[in-house]
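# An overview of the molecular structure
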Amino acid sequence: MKARTIALAAAFALSAALPALAADKVKIGYVTTLSKGPAAIGKQMQDAVELALDHLGKKMGGLPVEIVYADDEFDPEIGKLRSEELVKKDKVDFVSGFIWSNVLLQARQPIFKANTFLIGSNAGPHELAGKECSPWFFSTSWQNDQMPEAMGKYMTDAGIKRVYVLSPNYPAGRDMVAGFKRYYKGEIVGEILTPWPQHADWSAEFAKIRATEPKPEAVFVFYPGGAGINFVKQYAQAGLKDTIPLYNVFTTDSTTLKAQGDAALGLLSTMSWGADLQNDANKRFVADFKKKYGYIPSFYAAQAYDSIMLIASAVKAVNDKIEDKDAVRKALKASDFASVRGQVKFNNNHYPIENFYIQEVVKDADGTYDTRIKGTVFLAHADSYGAKECKMK
Amino acid sequence: MTALLLIEQTLNGLQLGVMLFLMSAGLTLVFGIMNLINLAHGSLFMVGAYCAALFLEWTGSFVLAALLALPATLLVGLIIEIVVLRTLYERDHLDQVLATSGLILFFNEALHLVGGAEALYLDLPPFLKGQVKIIPGSPYPLYRLVVIAVGLAVALGLYLLVTRTRTGMLIRAGASNRTMLSALGVNVRLLFTAVFGLGAMLAGLGGVMAGPIVSVQSGMGENVLILAFVVIVIGGIGSIRGAFIAALLIGLIDTMGRAFMADLMGLVMSHTAAQTAGPTIASMLIYLLMAGVLFFRPQGLFPPRGR
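Model, not experiment: these values are computed from the prediction.

## Quick word on the overall build of chain A
Assigned secondary structure in chain A consists of 13 helices and 14 strands. For 393 residues, the compact-globule estimate of 2.2 N^0.38 gives 21 Å, and the C-alpha radius of gyration of chain A, at 22 Å, lies within 12% of that figure. Taken along its principal axes, the extent of the C-alpha atoms in chain A is 80 × 40 × 40 Å. Put simply, 72% of the contacts in chain A that link residues at least 6 apart link residues at least 24 apart.

## Some words on the interface of chain B and chain A
Taken residue by residue, the interface counts 36 residues in chain B and 33 residues in chain A. For the side of chain B that touches chain A, the secondary-structure elements that each account for two or more residues are α1 (2–34), β2 (138–141), α6 (142–164), α11 (240–266) and α12 (271–296) of chain B. Tallying contributions element by element places α1(B) first for the side of chain B that touches chain A, with 6 residues.

## Concerning helix α6 (residues 171–183) of chain A
Residue and element names in this part refer to chain A. Over its 13 residues, α6 extends 19 Å from the first C-alpha to the last, a length consistent with the 18 Å expected when each residue adds 1.5 Å. Taken across its 13 residues, α6 has 10 buried, putting it largely inside the fold. Turning to α6, the residues buried within the fold contact α4 (101–113), α5 (146–157), β7 (162–168), β8 (187–194), β9 (218–222) and β10 (246–249).

## Some remarks on the environment of Asn347(A)
Residues and elements named next belong to chain A. Following the sequence through the fold, Asn347 ends up in the loop between β12 (345–346) and β13 (352–363). For Asn347, a count of 21 C-beta atoms within 10 Å translates into the label buried. Linking Asn347 and Glu85, residues 262 residues apart in sequence, is a C-alpha distance of 30 Å. The contacts of Asn347, once residues within four sequence positions are left out, are Ile353, Ala382, Asp383 and Gly386.

## Quick look at helix α11 (residues 299–317) of chain A
Since one α-helical turn is 3.6 residues long, residues separated by three or four positions face the same way. The terminal C-alpha atoms of α11(A), which comprises 19 residues, lie 26 Å apart, in line with the 27 Å expected from a rise of 1.5 Å per residue. Looking one or two places after α11(A), you find Asn319(A), whose phi comes out positive at around 55°.

## Considerations on the sheet that holds strand β4 (residues 94–97) of chain A
Residues and elements named next belong to chain A. Read across the open sheet, the 6 strands follow the order β2-β3-β1-β4-β5-β6; overall the sheet is mixed. Because the sheet does not close on itself, it has two edges, and the strands there are β2 (59–60) and β6 (137–139). Pairing geometry for strand β5 (residues 117–120) and β6, over 3 bridges, is parallel. Paired with Ile119 across the two strands is Phe138, which belongs to β6.

## Re the packing of α11(A) against helix α12 (residues 325–334) of chain A
Think of two packed helices as two axes; the pair is described by the angle between the axes and how far apart they sit. Residues and elements named next belong to chain A. For the pair α11 and α12, the least separation of the axes is 8 Å and the interaxial angle reads 130°. In terms of axis orientation, α11 runs oblique to α12. Seen along the crossing, α11 lies across α12 with a hand that is right-handed. Facing α11, whose interface residues are Leu310, Ser313, Ala314 and Ala317, α12 presents Val328, Ala331, Leu332 and Ala334.

## Considering the environment of Leu53(A)
Residues and elements named next belong to chain A. Note on placement: Leu53 falls in helix α2 (residues 39–55). Of the residues examined, Leu53 has 19 C-beta atoms within 10 Å and is grouped as partly exposed. On a C-alpha basis, the gap between Leu53 and Ile67 in space is 9.4 Å, while along the polypeptide they are 14 residues apart. In this structure, Leu53 is in contact with Lys58, Val65 and Ile308, ignoring residues within four places of it in sequence.

## Overview of the pairing of strand β1 (residues 26–32) of chain A
Residue and element names in this part refer to chain A. When you tally the buried positions in β1, you get 6 out of 7 residues, the bulk of the element. Where β1 lies against strand β3 (residues 63–71), 7 bridges are found, and the strand directions are parallel. Across the sheet, residue Tyr30 finds its bridge partner in β3, namely Tyr69. Bridge count between β1 and β4: 4 bridges; the pairing is parallel. Bridging across to β4, Gly29 finds its partner in Val95.

Cut-off values and rules
- Residues numbered from 1 in each chain as written.
- Chains lettered and ligands numbered in written order.
- Predicted model: local features only at pLDDT ≥ 70, side-chain atom pairs only at ≥ 80, totals over all residues.
- Helix = DSSP H or I, 4+ residues; strand = E, 2+ residues; numbered from the N terminus.
- Rg over C-alpha atoms; globule rule 2.2 N^0.38 Å.
- Contact = placed C-beta atoms within 7 Å.
- Expected span 1.5 Å × (residues − 1).
- Buried ≥ 20, exposed ≤ 12 C-beta atoms within 10 Å, placed from the backbone.
- Pairing = 2+ DSSP bridges.
- Axes fitted to C-alpha atoms, helices over the stretch in contact; angles between N-to-C directions.
- Parallel < 35°, antiparallel > 145°, perpendicular 65-115°, else oblique.
- Left-handed = near helix turned anticlockwise from the far one by under 90°.

Laid out in structure tokens, this is it:
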């Protein structure tokens with residue numbers, strides 16, 4: 001009995017000592033949605049992560065890389081469970097991914113508690129940018145408000161005086177409306193927050209928009225994934241596309257354009273990246289992505305690729321000593337890698353300071369739908385929460 | 001202006017209602033006659049939409065694709081009935097729920113494999129794309145009128161089938177007293193297969209009709225399924241008439257709630273609060289109605305006679 005106790009104590013002491021030993025590989029947990037409706041988005045991110053590994057020769061610094069994919073099933077509770085498994089059972093060195101703000105907000109605690117870095121590939125809830133900003137969190141996407149801020153500015157500059165706003169009622173949806181209002185200087189003649197994610201028919205809302213006096217000059221929406229497909233198709237079918245121009249964020253991208261077809265043609269959106277963005281890293285990423293997978297990557301893929309590249313740059317900068325968390329944090333913060341988004345720096349809350357572009361949906365010569373960058377709305381735009389609410393330096 | 005808006009929203013409610021009717025007609029028959037809870041009914045809706053999208057890619061004609069999708073869904077329905085459901089009739093409801101929710105997972109993954117992770121493209125042909133000016137000043141999508149017309153035609157057809165034909169008589173008899181029906185020498189097994197096939201095809205038709213409006217992707221049937229269950233509970237399980245009236249009722253209540261709730265609430269609270277709370281409360285209305293019906297009239301509004 002006593003011998004067993006001693007053996008157990010020894011085992012505990014050993015296991016406690018383990019993290020101090022040098023790592024022999026980099027283990028990354030990647031959380032995304034691989035089943036249910038939004039699986040197309042998760043698939044793109046997974047493809048991009050694999051391409052990043054190809055480009056890195058499956059190595060970060062001198063260490064081999066292992067990726068553990070986890071499916072959040074589009075459900076915050078399951079996202080939290082999978083994240084707990086990643087840090088406790090798989091003992092990953094980094095967690096990355098996360099499409100949905102509500103999933104990320106739910107899943108972050110176990111990851112932070114395990115002193116593990118979380119590199120967000122998409123979701124950018126304002127909570128994590130402001131009062132609850134964390135030294136363990138970095139983002140290679142944006143803070144949610146930034147895209148609608150860019151759209152608000154673009155529509156103000158375009159002289160649009162009255163806008164009707166529609167968005168789903170969940171954390172990201174409310175962020176989008178807040179961001180839009182921050183930069184749009186005209187009048188918001190109506191605003192509807194629809195239930196999420198089950199809302200699938202907008203005929204009642206369309207009738208309301210049509211009956212609004214004075215008439216709105218434009219409609220602004222945020223409907224990601226399948227909801228965006230429904231919305232854009234129905235908007236065109238209702239004959240509204242030609243009478244009240246539609247502006248969006250996250251509603252027209254390469255995961256949805258095929259199903260939206262002509263209904264999306266000519267629609268404008270804002271984003272921090274485009275497949276036609278001219279920099280060397282992006283040209284290589286887009287060309288190799290198309291060659292390997294046979295389709296055009298979306299921003300989801302681009303950001304996932306950047307997440308892996310950011311981690312790789314940090315591993316290299318600390319000479320494979322990834323157990324030295326402070327050094328890793330400093331290296332991540334330096335953002336010393338060739339991002340497909342061009343020049344990117346981190347704000348004090350570890351959200352990117354980057355450019356935002358206005359993009360139009362076009363049809364290529366071979367009949368595939370794609371977005372084209374029409375112009376730059378913001379140069380080196382920082383989010384609105386870091387400076388004001390986040391206490392990190 | 002408000003009167004015109006009311007007419008337009010009534011049309012919207014009607015359209016949602018007939019869509020729900022297509023889904024719930026099959027569900028209520030299968031539940032009422034065969035005493036089988038089929039959670040996979042939404043999967044048949046999805047199969048219908050997928051078949052239409054795939055046949056559209058193959059034939060290039062929407063009408064042809066829609067016509068082909070119906071027998072295809074019927075076939076899938078018959079296969080499910082013969083392979084899986086037959087063994088479940090004698091089991092209790094919990095076993096049926098388990099098995100048919102397994103079918104949901106199976107179909108979601110199967111169609112994920114067939115159609116890929118991305119949503120499929122299913123668009124209308126040019127002649128269905130336009131808008132009609134039935135209400136002055138606000139053009140109404142032609143396709144939604146077609147949906148209403150098809151839905152009402154199907155309802156009429158079902159009514160005639162159930163009230164005027166021998167098959168319909170058997171269906172009604174089955175809904176009222178199954179044991180007596182088989183004691184009288186009717187081949188109940190064959191009747192079950194036919195009823196399930198009919199229900200599957202109606203769900204498939206619902207999927208085909210919804211395809212151009214919503215995104216055709218894996219898992220699209222689940223939301224509709226929940227609403228369809230609400231419909232049959234309110235209408236009375238086993239009753240086609242009940243399903244029809246309840247479907248229209250729910251379509252109208254849901255649409256009117258979404259259209260006017262926020263403004264109504266604006267009368268008693270601040271504008272901003274009403275704008276946020278309105279849609280949330282509107283989406284609860286149909287469940288409140290269901291709770292009310294369950295409390296005051298648990299057998300539903302129009303239960304089949306003789307029970």
